[in-house]
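Fold and contact review
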Amino acid sequence: MNYSFRKTFTHIFACMRHLVLLRFACMLFVMVALFETTVAQTTVANVNGTIFIMASPYNAKCDLLKPGGTLTVNTSGVTSGVTFLSTDVGKTINGGGFVSGTWVVFSGVIASVTAGNATLASGAPSSTVTTTTWYYGHDDQIAIQAALTAAESANAPVQLPPGACLTSSLVWHGQSIFGAGISLSTLQGMPGQDVLATPDTPTIWSIPQNGVLVHDFTVNVDASVNAAATAAGGNNNFPNRISGTAGGSTPLSSPPAPGPVTISPSDACGAYINDGVHSTSLSTLYTTCGGFQAIPSQYVIGAQVTVIGAGPSGGNLNATITAITGANTVTISPAASTGISNGSGSWGAGVIAPWYVGNCAFAAPDSNASTGVGNQGLNHWYWEHINIQAVDQPANRANNTCGIFLQAASNKLGFRHMIVTNLWGGIIEALPAAGLGSLTAWTPDTNDYEDVNLQFNLIPMVWYNGAHRIVNGLSIYAGGLQPFSLGLFQFNVPIGISSTPSATFNRYYDECWTPNSGEHARYTGVNNVIDGGVLGQCGSAGGMYINWATSQGFSSAAIGPNFRINGSHNTFLNSNLLPSQVTNNGPANEIEGGTSGSNPNLFRRAYAQPDAPFPPAGFGDGSSALSGNSATPYRSSAGLVVKADDLFGTLNSSLISSGIFKYVVDNGLETYGSYLDVAGTQYIPGQGGEQIGANIFFLLGTRWPTTSGYLVTQGMCEGAASCSATFTVRDITTSTNLGSCTETYNVQYNAATYSSQVWSISGAPGTATACPINLTNATPGDEFGVFTSTWSGTGLSGYRVGYIMFVPANTDVASELSSVFGKVLSATTSSIGGASVSAGACASGTVSITGATTSMVAAASPNTNPGSAFTWNAQVTSPGTVTVYVCTNLAGGGTPAASTYNVRVIE
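Definitions and limits used
- Residues numbered from 1 in each chain as written.
- Predicted model: local features only at pLDDT ≥ 70, side-chain atom pairs only at ≥ 80, totals over all residues.
- Heavy atoms only, no water.
- Pairing = 2+ DSSP bridges.
- Helix = DSSP H or I, 4+ residues; strand = E, 2+ residues; numbered from the N terminus.
- Axes fitted to C-alpha atoms, helices over the stretch in contact; angles between N-to-C directions.
- Buried < 20%, exposed > 50% of the residue type's maximum accessible area, 1.4 Å probe, protein only.
- Disulfide = S-S within 2.5 Å.
- Phe/Tyr/Trp six-rings, centres within 6.5 Å; stacked < 30°, edge-to-face > 60°.
- pLDDT = per-residue confidence, 0-100.
- Contact = heavy atoms within 4.5 Å.
- Expected span 1.5 Å × (residues − 1).
- Core = buried A, V, L, I, M, F, W, Y, C linked by side-chain atoms within 4.5 Å.

Attention now goes to the sheet that holds strand β62 (residues 857-862). If you walk across this open sheet you meet the 3 strands as β60-β65-β62, and the pairing is antiparallel. Two strands bound the open sheet, and with one partner strand each, they are β60 (824-828) and β62. Across the sheet, the mean angle separating the axes of adjacent strands is 20 degrees when strand polarity is ignored.

Next comes the structure, spelled out in structure tokens:
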């Protein structure tokens, strides 16, 4: 505390001790003391190590006014309708309004005032504009920029006064800034300009490494101009600000997939065409919740419209929006053939990435991945008690503006007690548009969010990577900028030393009530935990869904309306979901659904099985491994292939590219859930780290015979009639390669319909694709990994490999079975059948089996089914001879199909 403050408070406290006796004198002294202190603050540039922008030599005016009233500005830059004073000369006046449906903006400095009318030095509108959306004041950019420069040199914070300061864009080097309070101090930006932006260059500034704090003020983002890329209908001031992609406009392999707006009376969103009340023309569409003026016009003009029953001959109308004529009204072409009242349909395609961003309250661009070179990027930067809002926007369209745009590499950022309202983007992360190969990492790890409210933003929040983000109170509210409102999108992109996303959410709420359909939000990575709250309080329109591309996660939040699980080993409690609302594409996901109809205190809980096709019955139960070894006989596969360890892990794109995968075997007897799913139509992991199945290494069981074995797999191809890869088995414990072979699968499946359920088996002993693996020196308990080379196949988009296991190689199976069951003898008959057999009669044939006696049991099995009307049996009819009978009781008899019969005789 400086001398002035110390002196003031010393006298104040002394006075307070005598308050009862000297009440009036004390109060008078306090008022004088505080006045003197305030004067000292406003006249001294550096008060207690703080740079005050209104003090000399900076002398910011901070006189921004929004007086209201209707202002007209003509094409000569002369105003009318509002009385200006001569003291307003030099102030900047900004505004905008609609002229014949077109938004027109003006921005200029008042050069003179005559009879209360101001004349602008420049920046007159292209058409005469009459508006109530305007403001004026001195542009304090020079003063505030000088204060920022001084603060950087002095390593001091910058103080904002109570009131509102108008400023052009400020170059921000991470200086700490604070105001008098979130509702007391305001920074107002200019049309199409950032308010505070770090440089988008690698060398002219040094990023603070020991913390940045901005707190206790409001930032108004002028949304009257679209400054995004031309692809977004903007003026291209910020062409490289692109989110929702893998850098620049390069799409993610699993791009965000929001859908069109649904028009449905059941959601109070009916369509009206020429109904005489809402619409009086077949070329005009009115829909109750259209919100056509609530988003940038490029998402409306040219959008497709479908209205059921409004087309020719009562068919569907398929038209295009040609103009916006009201909040809920548009012009369409071609015109409808039939009027509709409270009908159904859809329009638009959703806010599909790339998501282009314009001017922002705070921006940290890094368009070519160079800002972070040679330093640590943005570390320990904190925003606290900050309010960000869009102002002066055309009919709430937000014009691609955003609250906070982070493209420079970051780590341990903090966002606390914040409100971000009515913007295109709320808190948006984006990868650089170029130079991604120069990034050593993209790891915004341990970013934390506390009491953050994202209100009515079209794209509220985007994350890339980031291990263990911490959320203690995050609320996302739809509305305002409907339709097309989205939720949180958490992406995993393997760039540099990439971190798999994970986050812990406490007190999380997403109110996504909107007619938008398709993907609403995405959660990606591993170990995401959402403790309570609402993971989507969404409407039921149009199949809107939440995409859970996380594994080993947990959520106790309510979920709605629809849920797609693209990971494994997740637990969802209190979801309130019905089975029809869940699409589950991964194994071992436990879902607690809605209450029981018979008892509301009981909940349904089940392990939802994957929708993917399973291998043929019997293969995964360990029976194929029961050939054994006579030196160490066993009667069960328990302990043969694996130990009952549940060591599932994460499979991400870096593992795929290196050729390693793991899988789960739940115990020594069954291989439930052990399959690798890399399906292009499901959740192929090119985006990086999206879980694609349960994963584990083999653990060699204690009962494995001292012999080699075979790697047996089952697979399917997607998009190709045949696909193949080289499999290599490695003892991870000893770092020893045990063998390799090429596996080929000749079965194609349709992942959307699962029309093919048959797997192609490869690697089994005794086949042309036998895959021997040398396990003679392996030690029980060793871990085994199975590595694959790049998969190949014409048109291949994905593949599945199921139920991988080792089959022991033996040459003494007969003696093993003899020691367990007794002597087993075998032979095959010649063909039996092919001729007519009367009712009650049998066809028969014999086969010689040395050692067979009439005291032994015989059994037979045909190689070709003789027909459903026939039965068969075998009998040792004399020493060394077995007779097989094929009989029928069919009235009138019949002819059994000719077949040879395999015969077994057991002592």
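More follows now that the structure is in view.
In terms of burial, strand β53 (residues 709-718) is a largely internal element, 10 of the 10 residues being buried. Of the two faces of β53, both are covered, the one formed by G709, L711, T713, G715 and C717 as well as the one formed by Y710, V712, Q714, M716 and E718. Bridge count between β53 and strand β57 (residues 772-773): 2 bridges; the pairing is antiparallel. Its bridge partner being in β57, Y710 is matched across the sheet by P772. Sheet analysis places β53 next to strand β56 (residues 760-762), joined by 3 bridges and oriented antiparallel. When the bridges of β56 are listed, G715 appears paired with S760.

This structure, assessed with the given rule, holds 6 disulfides. Residue pairing for C717: its cysteine sulfur links by disulfide to C723, the two sulfurs lying 2.1 Å apart. In this structure the cystine formed by C717 and C723 twists about its S-S bond by roughly -90 degrees; its chirality is therefore left-handed. Judged on exposure class, the residue C717 and its partner C723 are both buried. Between the sulfur atoms of C842 and its disulfide mate C887 the distance is 1.9 Å.

Right, let's talk about the pairing of strand β38 (residues 503-511) for a bit. Two elements, strand β36 (residues 469-477) and β38, share 8 bridges in a ladder whose sense is parallel. Across the sheet, the residue bridging to I476 is D510, located in β38. Sheet topology note: the β38/strand β40 (residues 529-531) ladder contains 3 bridges and is parallel. Looking at the pairing, N506 lines up with D531 of β40.

For the coordinates displayed, the defined rule picks out 32 aromatic pairs. Pairing W172 with F362 gives two aromatic rings, centres 5.7 Å apart and planes at 55 degrees, and the pair type is tilted. Pair noted here: W172 is in the loop between β12 (170-171) and β13 (177-178) and F362 is in strand β27 (residues 360-364), with a separation of 190 residues, a long-range link. The residues W172 and F362 share a single accessibility class, namely buried. Aromatic pair Y508 and Y523: ring centres 6.5 Å apart, planes at 90 degrees, arrangement edge-to-face. One end of the pair, Y508, is in strand β38; the other, Y523, is in strand β39 (residues 516-526), and 15 residues separate them in sequence.

Looking at the chain as a whole, its pLDDT mean stands at 79, while 75% of the residues score no less than 70. With pLDDT under 50 throughout, residues 679-697 is counted as low confidence; its partners more than four residues away or in other chains account for 109 contacts. Scored below 50 in pLDDT, residues 811-821 shows 15 contacts in the model against residues more than four places distant or in partner chains.

Pairing in this open sheet of 3 strands is antiparallel, and the strands run β4-β3-β8 from one edge to the other. Edge positions in the open sheet fall to β4 (79-80) and β8 (129-131), since each of these has one partner strand only. Sheet analysis places strand β3 (residues 71-73) next to β8, joined by 3 bridges and oriented antiparallel. Note that in β8 the partner of L71 across the bridge is T131.

Let us look at unusual backbone geometry. A cis amide bond links S333 with the next residue in sequence, P334, at an omega value of -5 degrees. Looking at the secondary structure, you find P334 in the loop between β23 (329-333) and β24 (340-343). Of note, the amide linkage connecting A353 to P354 takes the cis form, showing an omega dihedral of 10 degrees. Locating P354 in the fold gives a position in the loop between β25 (345-347) and β26 (355-356). Even without being a glycine, D392 presents a positive backbone phi close to 55 degrees. D392 sits in the buried class, given a relative accessible area of 11%. In the Ramachandran plot, N465 falls in the positive-phi region, its phi being about 55 degrees despite a non-glycine side chain. Inspection of the secondary structure assignment puts N465 in the loop between β35 (459-464) and β36. By relative accessible area, N465 is classed as buried at 0%.

Let us now look at helix α3 (residues 141-154). Across its 14 residues, α3 extends 20 Å between first and last C-alpha, which sits within 8% of the 20 Å expected from 1.5 Å per residue. Along α3, the positions that sit buried rather than exposed are A143, I144, Q145, A147, L148 and A151.

What follows concerns the nonpolar core. Counting 72 residues, the largest nonpolar core has F362, W383, I388, F415 and Y523 as the members making the most contacts within it. The residues touching F362, leaving out its near neighbours within four places in the chain, are W172, L196, V214, F217, V219, W383, I386, I388, G403, I404 and F405.

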